[in-house]
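# Per-entry structural report
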Amino acid sequence: QVQLVESGGGLVQAGGSLRLSCAPSRSIFSLYAMGWYRQAPGKQRELVATLRSGGITNYADSVKGRFTISRDNAKNTVYLQMSSLKPEDTAVYYCNAQESAIPTILNYWGQGTQVTVSS
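Here the structure is a predicted model, which is why all the values come from computation and not from measurement.

A few words on the sheet that holds strand E1 (residues 4-7). Judged by pairing direction, the sheet is antiparallel, and its four strands sit side by side in the order E1-E3-E8-E7 without closing on themselves. Each edge of the open sheet carries a strand with a single partner, namely E1 and strand E7 (67-72). Taken over all neighbouring pairs, the strand axes of this sheet differ in orientation by 20° on average, direction set aside. Where strand E3 (residues 18-24) and strand E8 (residues 77-82) come together, five bridges link them in antiparallel fashion. Along E8, the bridge assignment pairs Arg19 with Gln81.

See the structure below:
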């Protein structure tokens, strides 16, 4: 089991910035990948950004060039820096951790943090 503690959501005006944090209960390096997903009202949960243990990142097209996923090894924390925020970025953001359990991958989720972008 991996517990994920998120922080950093809030209300911001369009064009502003926010940084989300996610601290897993185990070392980041013991995990296959970590990432951020979001779910807006009435919509399915969607991938925002992922970061594999080897450093490979992946972003949704809608956030490329505006959001950056990173990690601080010393703090065992993953961040999502969000810039140039748009009203359509409004959603509950969930931290995700993936653990390799061959032949499958286990997924763990944080409690979610609300991000609201006003126009």
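Turning next to the pattern of salt bridges. Once the charged atoms of two side chains with opposite charge are near each other, the side chains can pair. Counted according to the given criterion, the structure contains five salt bridges. Asp89 is the partner of Arg38 in a salt bridge, and the nearest nitrogen-oxygen pair spans 3.0 Å. Of the two residues, Arg38 sits in strand E4 (residues 33-39) while Asp89 sits in the loop between E8 and strand E9 (91-101), which places them 51 residues apart along the sequence. Accessibility expressed as a relative area gives 6% for Arg38, which makes it buried. Judged by relative accessible area, which is 1%, Asp89 ranks as buried. Residue Asp89 pairs with Arg66 through a salt bridge whose shortest N-O separation is 2.8 Å. With Asp89 in the loop between E8 and E9 and Arg66 in the loop between strand E6 (57-59) and E7, this residue pair connects regions lying 23 residues apart in the sequence. Under the relative-accessibility criterion, Arg66 is labelled buried at 12%. Taken together, the shared-partner salt bridges connect Arg38, Glu46, Arg66 and Asp89 into one network.

Mapped onto the elements, Asn76 comes out in the loop between E7 and E8. Classification of Asn76 as buried rests on a relative accessible area of 19%. Engagement of the side chain of Asn76 in a polar contact is seen with the backbone oxygen of Pro24, the distance being 3.4 Å. At a separation of 3.0 Å, a polar atom in the side chain of Asn76 contacts the main-chain carbonyl oxygen of Arg26. Aside from chain neighbours lying at most four places away, what touches Asn76 is Cys22, Ala23, Pro24, Arg26, Ser27 and Ile28.

Definitions and limits used
Residues numbered from 1 in each chain as written. Predicted model: local features only at pLDDT ≥ 70, side-chain atom pairs only at ≥ 80, totals over all residues. Heavy atoms only, no water. Pairing = 2+ DSSP bridges. Helix = DSSP H or I, 4+ residues; strand = E, 2+ residues; numbered from the N terminus. Axes fitted to C-alpha atoms, helices over the stretch in contact; angles between N-to-C directions. Salt bridge = Lys/Arg side-chain N within 4 Å of Asp/Glu carboxyl O. Buried < 20%, exposed > 50% of the residue type's maximum accessible area, 1.4 Å probe, protein only. Polar contact = N/O pair within 3.5 Å; in protein donor to acceptor, adjacent residues only side chain to side chain. Contact = heavy atoms within 4.5 Å.

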